[in-house]
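Chains, contacts and geometry: an overview
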Amino acid sequence: MTQTETDQQYMRIALDEARQAYDADEVPIGAVVVSARGRVIGRGHNLTEALSDVSAHAEMQALTAAAATLGGKYLSGCTLYVTVEPCLMCAGAIGWSQLSRIVYGASDPKRGYRSFLPSCTPFHPRATVTPGVLEEECAALMQSFFKSKR
């Protein structure tokens, strides 16, 4: 798998969001939505503790912000960069938003969408998925967070 410099650039922005979650004692996952023109139109990090809301995942925050920026719920032509493989809930929302591309860093074998849907995708039929971008950095942040909890 080839990681482009552009993918790494946007994943670093998502990692900055994840670090904000880490600093707030939230599970350190960050996400950004990038328009077809290369502009960040939505960003977010986990806020489940701060909002007492199990649905306040990084992806949901970024999708909501992007939809507000564009003035509509469909994000076709856009790319989501997220530091960890989306869970099943977020994958469903990503599919409904019609994102064209999903890029994630670290896999999540316990709660990632692929562990629940190994033979199909919840995303738009034309969407592409690029896993493993800055995977080591994304995984290290998660490992550091959970190690501090033990």
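Quick caveat, the model's predicted, so the values are computed rather than measured.

1. Things to note about the pairing of strand S3 (residues 79-84)
- Where burial is concerned, most of S3 is hidden: six out of the six residues are buried.
- Of the pairings in the sheet, the one linking strand S1 (residues 30-34) to S3 comprises four bridges and is antiparallel in character. Its bridge partner being in S3, Val-32 is matched across the sheet by Tyr-81.
- Summarising the sheet, S3 and strand S4 (residues 101-106) pair through five bridges and their orientation is parallel. Paired with Val-82 across the two strands is Tyr-104, which belongs to S4.
- Crossover handedness for the path S3 to helix H4 (residues 88-97) to S4: right-handed.

2. A word on the UniProt feature "domain: CMP/dCMP-type deaminase" (unreviewed entry) in the chain
- Those residues carrying the UniProt feature "domain: CMP/dCMP-type deaminase" (unreviewed entry) are residues 5-116 in this numbering.
- Along residues 5-116, the helical share is 45% and the strand share 21%, with 31 Å between the first and last C-alpha atoms.

3. Focus: the UniProt feature "active site" (unreviewed entry) in the chain
- Here the UniProt feature "active site" (unreviewed entry) sits at Glu-59.
- Considering the arrangement of structural elements, one finds Glu-59 in helix H3 (residues 58-70).
- When near neighbours in sequence (up to four residues on either side) are disregarded, Glu-59 contacts Ala-31, Leu-80, Val-82, Val-84, Pro-86, Cys-87 and Cys-90.

4. Section: the sheet that holds S3
- Strand order in the open sheet made by the five strands is S2-S1-S3-S4-S5, with mixed pairing throughout. Looking along the sheet, the strands with just one partner apiece sit at the ends: strand S2 (40-45) and strand S5 (128-130). Each neighbouring strand pair of the sheet contributes to a mean axis angle of 15°, computed without reference to strand direction.
- With five bridges connecting them, S1 and S2 associate as antiparallel partners. Its bridge partner being in S2, Val-32 is matched across the sheet by Arg-43.
- Against the sheet, H3 makes contact with S1, S2 and S3, and its axis sits at roughly 150° relative to S2, the strand it touches most.

5. Focus: the pattern of salt bridges
- Counted according to the given criterion, the structure contains four salt bridges.
- Between Arg-19 and Asp-16 there is a salt bridge; the shortest N-O distance is 3.1 Å. Here Arg-19 and its partner Asp-16 are both found in helix H1 (residues 5-23), three residues apart, which amounts to about one turn of the helix.
- Among the residues examined, Arg-19 registers a relative accessible area of 36% and is labelled partly exposed.
- Classification of Asp-16 as partly exposed rests on a relative accessible area of 42%.
- The residue Arg-114 makes a salt bridge to Glu-85 at a minimum N-O spacing of 3.3 Å. Taken together, the residues span a long stretch of sequence, with Arg-114 in helix H5 (residues 113-116) and Glu-85 in the loop between S3 and H4 at a distance of 29 residues.
- For Arg-114, a relative accessible area of 38% translates into the label partly exposed.
- Glu-85 sits in the buried class, given a relative accessible area of 4%.

Reading guide: rules and limits
Residues numbered from 1 in each chain as written. Predicted model: local features only at pLDDT ≥ 70, side-chain atom pairs only at ≥ 80, totals over all residues. Heavy atoms only, no water. Buried < 20%, exposed > 50% of the residue type's maximum accessible area, 1.4 Å probe, protein only. Helix = DSSP H or I, 4+ residues; strand = E, 2+ residues; numbered from the N terminus. Pairing = 2+ DSSP bridges. Right-handed = clockwise from strand over helix to strand, strands pointing away. UniProt positions renumbered as here; feature names shortened; annotations may be inferred. Contact = heavy atoms within 4.5 Å. Axes fitted to C-alpha atoms, helices over the stretch in contact; angles between N-to-C directions. Salt bridge = Lys/Arg side-chain N within 4 Å of Asp/Glu carboxyl O.

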